[in-house]
Amino acid sequence: RIVLIGSAEVLRRAARLTGVDLPVVPVSSPEEAASVRGIAVIDPGAEPGAAFEIGRSAAESGRAAKAWIDLAERLSRDGRLDGWIMAPVDTGSM
């Protein structure tokens with residue numbers, strides 16, 4: 001099973017901007033992701049905010065990315081993820 005940890009709303013925005021039909025399905029756990037058709041997203045609520053601009057550094061975005069990384073590490077330590085990878089992160093925002 002594959003699950004994305006991040007902002008479901010930002011993923012939806014990116015899909016709309018690129019014209020991609022992407023079914024984004026919020027889930028509360030990696031286990032719930034197994035039955036999802038589409039992109040299962042654990043969205044812990046660490047939103048980068050409505051003012052988030054794609055391609056622009058912001059401390060708010062860095063804080064959200066840190067929260068998502070912390071959650072992935074915690075789920076891995078608890079044996080609920082087999083592993084995780086991180087997409088490109090703007091280190092300037094962290």
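Structure shown above.
Residues numbered from 1 in each chain as written. Predicted model: local features only at pLDDT ≥ 70, side-chain atom pairs only at ≥ 80, totals over all residues. Heavy atoms only, no water.

**Thoughts on helix α3 (residues 59–77)**
Between its first and last C-alpha atoms α3 spans 27 Å; for 19 residues at 1.5 Å apiece the expected length is 27 Å, and the two agree. Ser61, Gly62, Ala64, Ala65, Trp68, Ile69, Leu71, Ala72 and Leu75 are the residues of α3 that are buried. Close packing links the buried residues of α3 with β1 (4–5), α2 (30–33) and β3 (39–42). Positioned one or two residues after α3, Gly79 has a phi angle of 75°, which is positive. (Helix = DSSP H or I, 4+ residues; strand = E, 2+ residues; numbered from the N terminus. Expected span 1.5 Å × (residues − 1). Buried < 20%, exposed > 50% of the residue type's maximum accessible area, 1.4 Å probe, protein only. Contact = heavy atoms within 4.5 Å.)

**Structural notes on the layout of surface pockets**
Counted as a void, the largest pocket has a volume near 1100 Å³. Here the element with the most residues in the lining of the largest pocket is α3; it accounts for five residues. Grouping the constituent residues of the lining of the largest pocket by class yields 22 nonpolar, seven polar and six charged. (1 Å grid on protein atoms, 1.4 Å probe; cavity = no way out; pocket = protein on both sides within 12 Å on 5 of 7 lines; lining within 4 Å. Points joined across faces, edges and corners; volume = space filled by probe spheres on them. Nonpolar A, V, L, I, M, F, W, Y, C, P; charged D, E, K, R; others polar.)

**Here's the deal with the environment of Pro30**
Mapping Pro30 onto the fold places it in helix α2. We classify Pro30 as buried; its relative accessible area is 1%. For the pair Pro30 and Ile5, spaced 25 residues apart in sequence, the C-alpha to C-alpha distance is 9.5 Å.

**Describing the sheet that holds β3**
In space, the three strands of this open sheet follow the order β1-β3-β2, with parallel pairing throughout. Looking at strand neighbours, the two that pair on one side only are β1 and β2 (24–27), the edges of this open sheet. The pairing of β1 with β3 spans two bridges and is classified as parallel. Residue Ile5 lies in a different strand from β3, and its bridge partner there is Ile42. Each of β1, β2 and β3 touches helix α1 (residues 8–18); the most contacted strand, β2, lies at about 175° to it. (Pairing = 2+ DSSP bridges. Axes fitted to C-alpha atoms, helices over the stretch in contact; angles between N-to-C directions.)

Everything listed here is a matter of geometry and, on its own, says nothing about what the molecule does.
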